[in-house]
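Reading the structure
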Amino acid sequence: MSANDANFMLFPNINDCSYVSCYCEENVWKLCEQVKKTHPSELPKCYAVFVSNERRTVPLWRQKAGRGDEKLVIWDYHVFFMHNPSPNRCLVFDLDTTLPFPTYFHKYVTETFRSDYALTPEHHRFFRVIPAEKYLAEFSSDRRHMRRPDGSWIKPPPSYSPIQTAASTHSLDDFICMKPGRGPGAVYDLLHFVQQFYKPPDRNIGTKTQN
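Cut-offs applied
- Residues numbered from 1 in each chain as written.
- Predicted model: local features only at pLDDT ≥ 70, side-chain atom pairs only at ≥ 80, totals over all residues.
- Heavy atoms only, no water.
- Pairing = 2+ DSSP bridges.
- Helix = DSSP H or I, 4+ residues; strand = E, 2+ residues; numbered from the N terminus.
- Core = buried A, V, L, I, M, F, W, Y, C linked by side-chain atoms within 4.5 Å.
- Buried < 20%, exposed > 50% of the residue type's maximum accessible area, 1.4 Å probe, protein only.
- Polar contact = N/O pair within 3.5 Å; in protein donor to acceptor, adjacent residues only side chain to side chain.

1. Let's talk about the sheet that holds strand S8 (residues 186-189)
If you trace the six strands from one edge of the open sheet to the other, you get S6-S5-S4-S1-S7-S8, paired in antiparallel fashion. Strands with a single pairing partner mark the edges of an open sheet, and in this sheet they are strand S6 (103-104) and S8. Bridge analysis of strand S7 (residues 126-131) against S8 gives four bridges, and the strand direction is antiparallel. Pairing of Val129 across the sheet is with Ala186, part of S8.

2. With respect to the nonpolar core
Phe11, Phe50, Phe81, Tyr135 and Phe139 are the most contacted members of the largest nonpolar core, which has 32 residues in total. Where this core is concerned, the elements lending two or more residues are helix H1 (24-38), strand S1 (46-52), strand S4 (78-86), strand S5 (89-93), helix H3 (132-138) and helix H4 (172-176). Examining the composition of this core, we find that six residues originate from one element, H1, more than from any other. Counting 22 residues, the second-largest nonpolar core is a separate cluster that includes Met82, Cys90, Tyr108 and Val109.

3. Points about the environment of Asn13
By secondary structure assignment, the location of Asn13 is in the segment before H1. The partly exposed category is assigned to Asn13, whose relative accessible area is 34%. A distance of 2.9 Å separates the side chain of Asn13 from the backbone nitrogen of Asn15, its partner in a polar contact.

Fair warning: the whole summary comes from geometry, so function is off the table for now.
Structure follows, in structure tokens:
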């Protein structure tokens, strides 16, 4: 079965994916790693996507950790995985959503982020999109952000060793930051993020807002 097959899925079973609550950046790194091992030809079509803003207050709906019927939660940041095998086909794999795994891009964005128009500017979401290969090569975390001042864990960490690179033991902040000129990949506001990855057959629009 090839990626051109409508039934092709990078991750046939969500239960086979590495998952630790509150470590979304590592969960997505593990998804990238899994693709590199099992479907390496698809890796160039895959992305890690960080969602945050300057104040690190981003509302997301349809999240398992959310409250109420709409499952709304406000995170400091969130990370999900995207597979974009063709211009008109983009799938989102989010291990923390109540939506299906995967969900088509437009449905995921519509239900998870809705619109910025009803939100105050400090809650507007920005998206850092990083090619999976670059994410595997450059992301690192010593998990310091999950420790209390006394050194105890806010949430239990994954059982595997922290993700490190030869150049860094902790680059997480560069990925969460949405300022131009810092961090890998490209940063978009919500409108341009949608325009970049949602392209019906009769449309071909979208430019990134920052590098």
